[in-house]
Amino acid sequence: MRALIVDPEAPGRLRLGEAPDPAAGPGQVLVEVGHTSLNSAELWFAQQAAPGEVIGFDAAGVVVRAAADGTGPGVGSRVVGFAEGGGFGALRAMDVADVAVVPDGVDLGEAAALPVAAGTALRALEQAGPLLGRRVLVTGASGGVGGFAVQLAALGGAHVIGVAGSEDGLRWVSELGADEVVGGVDRVAEPVDVVVDTVGGDQLAAAYGLLASGGSLQSIGWASGREAVLPVGSTLGSRQPKSIVSVYNGGGLTDRQAQLGRLLALVDAGKLRVPVGWRGPWDKIADAVEALSGRRLRGKAVLDVS
């Protein structure tokens, strides 16, 4: 099959090539992939993977072989799903538990942007508890995960503050529904109840310092690549515990199908926008890598498989 394979000589170590067809297990569907999306994590995994390997998490397409055990969607179903590896191939075997049927009104390319980015944002906010009337700070709000976090927090009834590093990014985040947009965590004057942090480093430390008593910082990413150093005494003195919580949205989860179903329903109802900042054929992977790694991307990068 055609696939984006790891190549140490290619930009981002990814290029279009050939790979063996996947074999679907009894509880897996075989999907003809029409669209996938590029996440920051995949740029990291591409650096670690062996030449010729097919990586990739997100994929949307049409089922061409139903699961042998009789579970899951049938042949011809439009689906989106997640699996650890293989998403950058023209064919993909996915566990039935990690796949959801895409409503007819939802574009498959947009659906492909949901599993990692929107799924991670949703999981972080659900971990944080009820959002109605609470103040939610989102760092890296102009990125893929951040853009979804802004919208989902607003849908939950929160007062949302989005942090972005450029004027263009600030406009983008405002259009996604943030109540406030700021150029840095240091420009937030009042305490917040929840932080969704995609940046790490100094921003994580500063955002933790903004937490109200009982608040939580949901740690999603570490885009800064820098250590976070908490000031002496910053973890003390809260009447109710303040916490830094890790967010996991990888393999082995049992609620993926339900999670994707909720997100797809919101997109289908026009309540959740899929912020796509770059979209093109998968043979233009170098352009997508450059946009993402160069931090010029607003929202998600979607690759159309051909």
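Above this text you will find the structure in question.
My aim in this report is to walk through the structure given alongside it, one point at a time. (Residues numbered from 1 in each chain as written. Predicted model: local features only at pLDDT ≥ 70, side-chain atom pairs only at ≥ 80, totals over all residues. Heavy atoms only, no water.)

Once that is clear, we can look at the sheet that holds strand β11 (residues 192-197). Strand order in the open sheet made by the six strands is β10-β9-β8-β11-β12-β13, with parallel pairing throughout. Both edges of this open sheet fall to β10 (180-182) and β13 (243-246), since each of them pairs with a single strand only. Between one strand axis and the next, the sheet turns through 20° on average, direction left out of account. The pairing of strand β8 (residues 135-138) with strand β9 (residues 159-163) spans four bridges and is parallel. The residue bridging L137 from the neighbouring strand is I161, located in β9. (Pairing = 2+ DSSP bridges. Helix = DSSP H or I, 4+ residues; strand = E, 2+ residues; numbered from the N terminus. Axes fitted to C-alpha atoms, helices over the stretch in contact; angles between N-to-C directions.)

Here the focus is the packing of helix α3 (residues 114-128) against helix α4 (residues 144-155). Contact geometry for α3 and α4: axes closest at 8 Å, N-to-C directions at 45°. As judged from the angle between their axes, α3 and α4 are oblique. Relative to α4, the crossing made by α3 is right-handed. Between α3 and α4, the contacting residues are L114, A117, A118, T120, A121, L122 and L125 on the first element and G144, V145, F148, A149, L152 and A153 on the second. Residue composition of the contact of α3 with α4, grouped by class: eleven nonpolar, two polar and no charged. (Parallel < 35°, antiparallel > 145°, perpendicular 65-115°, else oblique. Left-handed = near helix turned anticlockwise from the far one by under 90°. Contact = heavy atoms within 4.5 Å. Nonpolar A, V, L, I, M, F, W, Y, C, P; charged D, E, K, R; others polar.)

The method is simple in principle: a probe with the dimensions of a water molecule rolls over the atoms, and the space it marks as empty is what remains. Estimates place the volume of the largest pocket at around 1500 Å³. If you trace the largest pocket, you find 45 residues lining it, with S40, A41, T198, G221 and A223 closest to the centre. At the level of secondary structure, the elements contributing two or more residues to the lining of the largest pocket comprise α1 (40-48), α3, α4, α8 (285-293) and β15 (300-304). Per-element tally for the lining of the largest pocket: the top contributor is α1, with five residues. Computed from the structure, the second largest pocket encloses a volume of approximately 190 Å³. Looking at the second largest pocket, the residues that line it are L122, L125, E126, G129, L131, L152, L155, G156, L266 and K271. For the lining of the second largest pocket, the leading source of residues is α3, giving three residues. (1 Å grid on protein atoms, 1.4 Å probe; cavity = no way out; pocket = protein on both sides within 12 Å on 5 of 7 lines; lining within 4 Å. Points joined across faces, edges and corners; volume = space filled by probe spheres on them.)

Glancing now at the pattern of salt bridges. Enumeration over the complete set of coordinates arrives at eleven salt bridges. Here D168 ties to R171 by a salt bridge, and the two come within 3.8 Å at their closest N and O atoms. Taken together, the residues span about one helical turn, with D168 and R171 both in helix α5 (residues 167-175) at a distance of three residues. Judged by relative accessible area, R171 falls into the partly exposed class, the value being 49%. A salt bridge links E290 to R296, with the nearest nitrogen and oxygen atoms 2.1 Å apart. Each of the salt bridges in this network shares a partner with another, and the network as a whole consists of D107, R279 and D304. (Salt bridge = Lys/Arg side-chain N within 4 Å of Asp/Glu carboxyl O. Buried < 20%, exposed > 50% of the residue type's maximum accessible area, 1.4 Å probe, protein only.)

This part covers the packing of aromatic side chains. The description of two aromatic rings rests on the distance between their centres and on the angle between their planes. One pass over the full model with this rule turns up three aromatic pairs. Consider the rings of W44 and F45, whose centres lie 5.0 Å apart with planes at 90°: the pair is edge-to-face. Judged by its relative accessible area of 37%, F45 falls in the partly exposed class. By the ring-pair criterion, three or more aromatic residues cluster together here, those being W44, F45, F57 and F82. Across from the ring centre of Y208, 5.2 Å away, lies the NZ or CZ of K242, which sits over that ring. Above the plane of the ring of W172 lies R273, whose end atom (NZ or CZ) is 5.1 Å from the centre. (Phe/Tyr/Trp six-rings, centres within 6.5 Å; stacked < 30°, edge-to-face > 60°. Lys NZ or Arg CZ within 6 Å of the ring centre and 35° of its normal.)

Of note, F45 is situated in helix α1. Measuring from C-alpha to C-alpha, the distance between F45 and G221 comes to 14 Å, with 176 residues separating the pair along the chain. Apart from residues no more than four positions distant in its own chain, F45 is found in contact with I55 and F57.

Mapped onto the elements, R135 comes out in strand β8. Residue classification places R135 among the buried positions, given a relative accessible area of 17%. Within polar-contact distance, the side chain of R135 engages the backbone oxygen of P191 at 2.7 Å. With residues up to four places along the chain from it excluded, the contact list for R135 reads H159, I161, E180, V188, E190, P191, V192, D193 and V194. (Polar contact = N/O pair within 3.5 Å; in protein donor to acceptor, adjacent residues only side chain to side chain.)

Okay, the environment of R92 next. Locating R92 in the fold gives a position in strand β6 (residues 91-95). As a C-alpha pair, R92 and G81 span eleven residues in sequence and 9.8 Å in three-dimensional space. At a separation of 2.6 Å, a polar atom in the side chain of R92 contacts the main-chain carbonyl oxygen of A83.

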